[in-house]
Amino acid sequence: MHLSLRQLQIFSAVAQHESYTRAAEQLHMTQPAVSMQIKQLEEDTGIALLQRQGRRMILTAAGAEILGYSKGVLQSYSDLLGAIDHLKSYKQGHLMVSVATTANYFVTRVLAAFSKKYPGINVTLDVTNRAKLLHQLENFEPDLVVMGEPPKGFNLASERMMENPLVVIASATHPLAGKKKIPLDSIRSERFVMREQGSGTRDAIERHMLAHDFTCNSTLEMRSNETIKHAVEAGLGLGIVSSHTVQPEILAGQLCILRVQSFPLLRHWHIVSRKGKRHSPVAQLFYEFIMEEAPKFVGGR
Ligand code: PGA
């Protein structure tokens, strides 16, 4: 047996008006079309639903019972349409965003603005390094990921978002502070405070150094940009970090950017998702929001 919502709507209208003609008017149908649909419904169910009484079409006892269920189905259907509209209006839902440790500097600020605008949307934010992000993407976990250049051949959809320049930082009292066009050779004997293996920043630096035939003689490894900045400020060595992570310390005069040749090393932030993962309306909304807003939080594209 196959019953359609349309049949139930027509049956309900006839029962309400006790007339094929009035039901037809309400539904913008012809009277014969209405009567044919009722006949079909009676055949499909094998139950006489309506009977003529003078000019009125009234419900049989079985028809009255079926009408009760029909109304329930039609009400649920209308609730469903309402829920769809509500979800499409993006006012509520859940969003899972994962970001590279380094991207967190601006993404948290973007998220704060997003949450203020859409308070009904709950956000789960995970901050981790590039290697772990790739693992999460492989398992279809986050809706969206903000990271550096994603690797090829990983079944990922990605869009370039904005520039991510890597700069050489030193304590404000470093002898090369303020010098222009510092040759790469002059920092060969320096110690470098580096991010951990698995970090996208670290990866990019290593490729860059290799291309320039440069080996870091001595390195200290740290898992976060914050600890790198503290170590550099304390004079433990030079750091190479995203310029998006050091604005406040530069402005406060605690750190400086060394103008070393071949730097800044220009990278880009990308917004990435797993191919085949359908964006929810909320994820789509955040995607548009971050593409538009992120550059404002780092001072230019
Ligand atoms: P990370 O992020 O160095 O914090 O891993 C940067 C990137 O994904 O390239």
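Refer to the structure presented above.
Residue numbers run consecutively from 1 along every chain, following the written order of its sequence. Note on the predicted model: pLDDT of at least 70 is required for a residue's local features to be given, and 80 or more for side-chain atom pairs to be given and counted; whole-chain, interface and lining totals, by contrast, use all residues. Hydrogens are left out, water is left out, and the side-chain values use all remaining heavy atoms of the structure.

Right, let's talk about the overall build of the chain for a bit. Counting its regular elements, the chain contains 10 helices and 11 strands. When we talk radius of gyration, it's over C-alpha atoms, and the globule rule is simply 2.2 Å times the number of residues to the 0.38. The C-alpha radius of gyration computed for the chain amounts to 32 Å, which surpasses the reference 19 Å derived for 301 residues by more than 25%, pointing to a less compact arrangement than a globule. If you line up the chain on its principal axes, its C-alpha atoms span 105 × 35 × 25 Å. When accessible area is computed with a 1.4 Å probe and restricted to protein chains, residues below 20% of their type maximum are described as buried, those above 50% as exposed, and intermediate ones as partly exposed. Among the 301 residues that make up the chain, the fraction classed as buried is 44%. The contacts of the chain with a sequence gap of at least 6 include a subset with a gap of at least 24, amounting to 76%. Between the averaged position of the 34 positive side-chain charges in the chain and that of its 28 negative side-chain charges there is a distance of 4 Å. Helix and strand definitions here come from DSSP, where helices need a minimum of 4 consecutive H or I residues and strands a minimum of 2 consecutive E residues; each element is numbered from the N-terminal end. Every residue pair with non-hydrogen atoms within 4.5 Å of one another is taken to be in contact. Just so you know, the count uses Lys and Arg for positive and Asp and Glu for negative, and it drops His and the chain ends. Here the site of a charge means atom NZ of a Lys, CZ of an Arg, CG of an Asp or CD of a Glu.

Counting 35 residues, the largest nonpolar core has Phe106, Val146, Met161, Phe286 and Ile290 as the members making the most contacts within it. Mapped by element, the contributors of at least two residues to this core are β3 (93-100), α5 (104-117), α6 (130-138), β5 (144-147), β6 (156-171), β11 (265-274) and α10 (281-297). Among the elements that make up this core, the one with the highest residue count is α10 (9 residues). If you look at the next biggest cluster of nonpolar residues, it comprises 21 residues, including Val168, Phe192, Phe214 and Phe263. Nine residue types can take part in a nonpolar core, namely buried Ala, Val, Leu, Ile, Met, Phe, Trp, Tyr and Cys, and a core is a set of them joined through side-chain atoms within 4.5 Å.

Take the environment of Pro151 next. Checked against the element boundaries, Pro151 lands in the loop between β5 and β6. You can call Pro151 partly exposed: its relative accessible area is 25%. Residues contacting Pro151, with those up to four places away along its chain left out, are Arg130, Leu134 and Leu156.

Right, let's talk about the packing of helix α1 (residues 5-17) against helix α2 (residues 20-27) for a bit. Contact geometry for α1 and α2: axes closest at 8 Å, N-to-C directions at 125 degrees. By the criterion of interaxial angle, the relationship of α1 to α2 is oblique. Here α1 and α2 pass one another in a crossing that is right-handed. Taken together, the residues of α2 that come into contact with α1 (itself represented by Arg6, Gln9, Ile10, Ala13, Val14, Gln16 and His17) are Tyr20, Arg22, Ala23, Gln26 and Leu27. The residue makeup of the contact of α1 with α2, split by class, is 6 nonpolar, 4 polar and 2 charged. Under this scheme, a helix contributes an axis fitted over its contacting stretch, all axes are lines through C-alpha atoms, and angles between N-to-C directions fall in the 0 to 180 degree range. Roughly parallel refers to an angle under 35 degrees, roughly antiparallel to one over 145, roughly perpendicular to one between 65 and 115, and oblique to any angle outside these ranges. In this scheme the handedness of a crossing depends on how the near helix is turned from the far one: anticlockwise by less than a right angle means left-handed, clockwise means right-handed. Classification used: nonpolar for Ala, Val, Leu, Ile, Met, Phe, Trp, Tyr, Cys and Pro, charged for Asp, Glu, Lys and Arg, polar for all others including Gly.

A separate point is the pairing of β6. Strand pairing follows a simple DSSP-based rule, namely that at least 2 bridges must link the two strands. In this sheet, β11 lies alongside β6 in antiparallel orientation, the contact comprising 10 bridges. The residue of β11 that forms the bridge with Glu163 is His268. Note that β6 and strand β9 (residues 238-242) share 4 bridges and pair antiparallel. Along β9, the bridge assignment pairs Val168 with Ile240.

Looking at the element boundaries, Ser171 is found in strand β6. Among residues more than four places away in sequence, those in contact with Ser171 are Val232, Glu233, Gln254, Leu255 and Cys256.

When we say a residue is near a molecule or strand, we mean one of its heavy atoms is within 4 Å of it. Near the ligand you find 13 residues, and of these Thr102, Ser199, Gly200, Thr201 and Arg267 are the closest. Between the ligand and Arg267, the relevant distance is 2.9 Å, taken from an oxygen atom to a side-chain nitrogen or oxygen of the residue. Contact with the protein chains hides 100% of the accessible area of the ligand, taken as 280 Å² for the molecule alone. Sorting the residues of the shell around the ligand by element identifies α7 (200-211) and β11 as the ones contributing at least two each. The class makeup of the residues in the shell around the ligand is 3 nonpolar, 7 polar and 3 charged. Here a polar contact means two N or O atoms within 3.5 Å. Within protein one must be a hydrogen donor candidate and the other an acceptor candidate, and residues neighboring in sequence count only if both atoms are side-chain atoms. Residue exposure ignores everything except the shown protein chains as possible cover, and the areas themselves are Shrake-Rupley values with a 1.4 Å probe.

This part covers the pattern of salt bridges. We define a salt bridge as a contact between a side-chain nitrogen of Lys or Arg and a carboxyl oxygen of Asp or Glu at a distance within 4 Å. In the structure shown here, the tally under the stated rule is 10 salt bridges. Here Lys39 makes a salt bridge to Glu43, at a shortest N to O gap of 4.0 Å. Here Glu43 and Lys39 lie together in helix α3 (residues 31-45), a separation of 4 residues that amounts to about one turn. Residue classification places Lys39 among the exposed residues on the basis of a relative accessible area of 53%. Three or more residues are tied together by salt bridges with common partners; here these are Arg202, Glu206 and Glu221.

By convention, a stacked pair of Phe, Tyr or Trp rings (six-membered ring in the case of Trp) has centres within 6.5 Å and planes under 30 degrees apart, an edge-to-face pair has planes over 60 apart, and any other such pair is tilted. For the structure on display, the rule yields 5 aromatic pairs. Here Phe106 and Trp269 contribute two aromatic rings whose centre-to-centre distance is 5.7 Å and whose plane-to-plane angle is 55 degrees, an arrangement assigned as tilted. Highlighted residues: Phe106 in helix α5 and Trp269 in strand β11, separated in sequence by 163 residues. With 5.1 Å between their ring centres and 50 degrees between their planes, Phe114 and Tyr118 make a pair best called tilted. Residue Phe114 is classed as buried on the basis of its relative accessible area of 0%. An aromatic cluster of at least three residues, connected via ring pairs, comprises Phe114, Tyr118, Phe286 and Phe289.

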